[in-house]
Structures are given as C-alpha cells and as structure tokens.
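Read off the chains here:
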Amino acid sequence: MRTIIAFIFLLLYFVISLPLMLIALLVGLFSMKARDVFMLRFVQFGLRTLHRIAGAKITVNGLENIPKDEAVLFMGNHISYFDVIITYPLMRRPTGFIAKKEIKKIPILDWIMYFVRCLFLDREDPRAGLQMVLTAADYIKDGISIVIFPEGTRSKDGKLADFKEGSFKIATKSKCSIVPFGVVGTPELFETHSPWLKPANVSITFGKPIPTKDLDRSQQRALSSLVRGEVAKLSGQELAD
C-alpha cells in the first residue's frame, strides 16, 4: 500500500510542479535568491512527504555542525536511493547536489533538479566533469551549498569505497568547508525488499566542518583520506580495501 500511495503522490507532485516552475521562472526575473528558496522549500516538501509515506523514522544528529552563514560542500556515504530523499529536507539554505547524467532522461524531474541547482556528472567525459567541478565551485561561491556522494555510486556490499579525488576539487577551488555526514538504515526502506516500501529506522549524522581554505599541497592530498575516515565513523561503515 505504501508503494502505491508513493507512486500516486509522485504523479500528483510532478503535475503540480509544472505551474510552480513557471512561477519560479517569473520570480527569478526579479530575484534569483528568492527563486532558489522557493524551489528549495517545494522540493523539500515533496521529499519530506515521500519519506513519511515510506515510514522512515529519522534520527538526526549534528545539525549544529552545519554553518548557518556560509555555503559548504556536504560529503557522505551512499547506500540507497533514499539517501537524497532523507538528506535534502535537512538543508537550511539553497542546496544543489551532484547526480549522474542518466537522471536527465527523466522528464520533469530533470527540470525540478535544474531549479534547485543540481548538476549532472558525465563519468565518460573528463572535460565535462571538469566543467561540472568549476560550476559547482562557482555555486558555492555564490552561496549555494552542494551535496556529493564521493564514492561515485551506491555501495553494493555495505563497505565505504574509495572517494573520487575530483570531488575534492570543488572544495579546494571554492575554498569552502567540507561537512561530512553518515547515513544509516536507508536500504531498509526500499532496497532490501525492492520494489516495496517498508518502514525503517534511519539516522543521519553531520560531522564538524573541515576547512580547506588554507591547505597546502600535502594537506590537499591527504584530504580524501581524512574525509573518508570521518564519513566512515559517522556511518559506521567498514572501509573497502
């Protein structure tokens, strides 16, 4: 029943989003900041409703670690489709996230993601990947936080894979802080019994910000290991070899 209700809700949500995106376009003519906040709240409403339909019982720790007056790069583990659904409604300011390019093929969803400053990564095109990094860094400089799952894909064995080095260029080029986070329990909502949704206890913990502004080259090289270690602690995941 939860799965059917979620499907119906998504259909209605997509239909309602069409006129609201037109409104957002008009708002953007006068204020991009107002447009960003408008779409942030609309998307957060949709995702929050979706995880409530799924029956997610969420425990959140470390919200005080998210800076209130600056954009940051969020980096966390990726174990479920629900990671974004659970995480995004917790964002306090306009925030985009990095998604794989295949999602652009989904009608309406790609436009919704565009309006909340999401970026799409083409893993097969290094030049496009570099441009994505530069754009993400510019977003952060403009006050838009970014969420990225630096493993590059969902973990299939429950272990925390190596982090892609390119992810950290977003932080070092924008000189922003990295906020590590760990998600636990999201596969129990869907993946462990796909295609059905079932209630589950989920937790997300945000770690303390890791500054990147004044790092020398050796510290930049060690950044991946440092952040991966923090994410492992926050998520309780074992590091993959």
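None of these values were measured; they are calculated from a predicted model. Within each chain, residues carry numbers counting from 1 in the order of the written sequence. This being a predicted model, a pLDDT of at least 70 is required before a residue's local features are given, and a value of 80 or more before pairs of side-chain atoms are given or counted; all residues contribute to the totals for chains, interfaces and linings. Side-chain descriptors were evaluated using all non-hydrogen atoms of the structure, hydrogens and water having been removed beforehand.

Chemist: Tell me what's going on with helix α5 (residues 126-141), and back it up with residues and numbers.
Modeler: What counts as a helix is a DSSP run of H or I of at least four residues, what counts as a strand is a run of E of at least two, and both are numbered from the N terminus. In this analysis, the expected span of each helix is defined as 1.5 Å times one less than the number of residues it contains. Across its 16 residues, α5 extends 23 Å between first and last C-alpha, which sits within 8% of the 22 Å expected from 1.5 Å per residue. Relative accessibility decides the category of a residue: with a 1.4 Å probe and only protein chains considered, values under 20% of the type maximum give buried, values over 50% give exposed, and everything between is partly exposed. All of the buried residues in α5 are G129, M132, V133, A136, A137, Y139 and I140. One face of α5 carries all of its buried residues, which in axial projection span an arc of 155°. Seen from the open side of α5, the exposed residues pointing more than 90 degrees away from its buried face are R127 and K141. Contacts from the buried residues of α5 go to β2 (73-76), β3 (95-100), β4 (119-121), β5 (145-148) and α6 (166-174). Polar contact is defined as a pair of N or O atoms within 3.5 Å, subject to the rule that within protein one atom must be able to donate a hydrogen and the other to accept it, and that residues adjacent in sequence are counted only when both atoms are side-chain atoms. The opening residue of α5 is D125, an N-cap whose side-chain oxygen sits 3.1 Å from the backbone nitrogen of R127. The arc in question is formed by the directions pointing from the helix axis toward the C-beta atoms. Contact between two residues is taken to exist if any of their heavy atoms lie within 4.5 Å; hydrogens are not considered.

Chemist: Got a sec to walk through the packing of aromatic side chains? Specific residues and values, please.
Modeler: Put simply, two rings from Phe, Tyr or Trp (the six-membered ring, in Trp's case) pair if the centres are within 6.5 Å, and we call them stacked under 30 degrees between planes, edge-to-face over 60, tilted for the rest. One pass over the structure, following the stated rule, counts 13 aromatic pairs. On the numbers, 5.7 Å between centres and 35° between planes, the contact of F9 with Y13 is tilted. Here Y13 and F9 lie together in helix α1 (residues 2-30), a separation of four residues that amounts to about one turn. Comparing F9 with Y13 shows no difference in burial state: the two are buried. Here a set of aromatic residues connected by ring pairs shows up, and it is made of F9, Y13, F14, F42 and F45. One cation-aromatic arrangement involves R117 over Y139; the distance from NZ or CZ to the ring centre is 5.1 Å. Cation over ring: R154 sits above Y81, and NZ or CZ is 4.1 Å from the ring centre. To sit over a ring, a charge needs its Lys NZ or Arg CZ within 6 Å of the ring centre and within 35 degrees of the ring normal.

Chemist: I'd love a proper account of the pairing of strand β6 (residues 178-184), names of residues and values included.
Modeler: In terms of burial, β6 is a largely internal element, six of the seven residues being buried. For β2 and β6, the ladder comprises four bridges, and the chain directions are parallel. Of the residues in β6, the one forming a bridge with M75 is P180. Pairs of strands are assigned from DSSP output, requiring at least two bridges between the strands. The pairing of β6 with strand β7 (residues 200-206) spans four bridges and is antiparallel.

Chemist: Which residues make up the sheet that holds β4, and what values go with them?
Modeler: Read from one edge of the open sheet, seven strands run β1-β7-β6-β2-β5-β3-β4, paired in mixed fashion. Two strands lie at the open edges of the sheet, namely β1 (56-61) and β4, each paired on one side alone. Taken pair by pair, the neighbouring strands of this sheet meet at an average axis angle of 25°, ignoring direction. Axes here refer to lines fitted to C-alpha atoms; in helices the fit is confined to the stretch in contact. Angles between the N-to-C directions go from 0 to 180 degrees. Sitting on the sheet, α5 touches β2, β3, β4 and β5, and the angle it makes with β4 is about 155°.

Chemist: Explain the pattern of salt bridges to me, and be specific about the residues and the numbers.
Modeler: Should the charged atoms of two oppositely charged side chains come close, the side chains can pair. The salt bridge criterion pairs a side-chain nitrogen of Lys or Arg with a carboxyl oxygen of Asp or Glu, the two atoms within 4 Å. This model, assessed by the stated rule, comprises six salt bridges. In this structure, R228 engages D162 in a salt bridge whose closest nitrogen and oxygen atoms are separated by 3.5 Å. Here R228, found in helix α7 (residues 217-235), pairs with D162, found in the loop between β5 and α6; they are 66 residues apart in sequence, far enough to count as distant.

Chemist: Help me get a handle on the nonpolar core, residues and values and all.
Modeler: If you look at the biggest cluster of nonpolar residues, it comprises 42 residues, and the most contacted ones within it are F74, F82, Y88, F97, F181, L189 and F206. When residues of this core are traced back to their parent elements, those giving at least two are α1, α2 (32-54), α3 (82-87), β3, α4 (109-115), β6 and β7. Considering every element that reaches this core, the biggest residue donor is α2, with eight residues. Once residues within four sequence positions are removed from consideration, F97 is found in contact with V84, Y88, M113, R117, C118, L119 and V147. Of all hydrophobic cores here, the second largest spans 25 residues; its members include V133, L160, C176 and L223. Here, nonpolar core means buried Ala, Val, Leu, Ile, Met, Phe, Trp, Tyr and Cys residues that are tied together by side-chain atoms lying within 4.5 Å of each other.

Chemist: Could you give an account of the side chain of S155, naming the residues involved and the relevant values?
Modeler: Turning to its location among the elements, S155 is positioned in the loop between β5 and α6. Polar contacts involving the side chain of S155 include one to the side chain of D157, which spans 3.3 Å. Not counting chain neighbours up to four residues away, the residues in contact with S155 comprise H78, I79 and Q237.

Chemist: Could you give an account of unusual backbone geometry, with specific residues and numbers?
Modeler: Omega for the peptide link from S194 to P195 comes to 10°, which places this bond in the cis form. Inspection of the secondary structure assignment puts P195 in the loop between β6 and β7. A positive phi angle is found at I108, which is not glycine, with a value near 75°. As for its placement among the helices and strands, I108 is situated in the loop between β3 and α4. The phi dihedral of K175 is positive, around 60°, even though this residue is not glycine.

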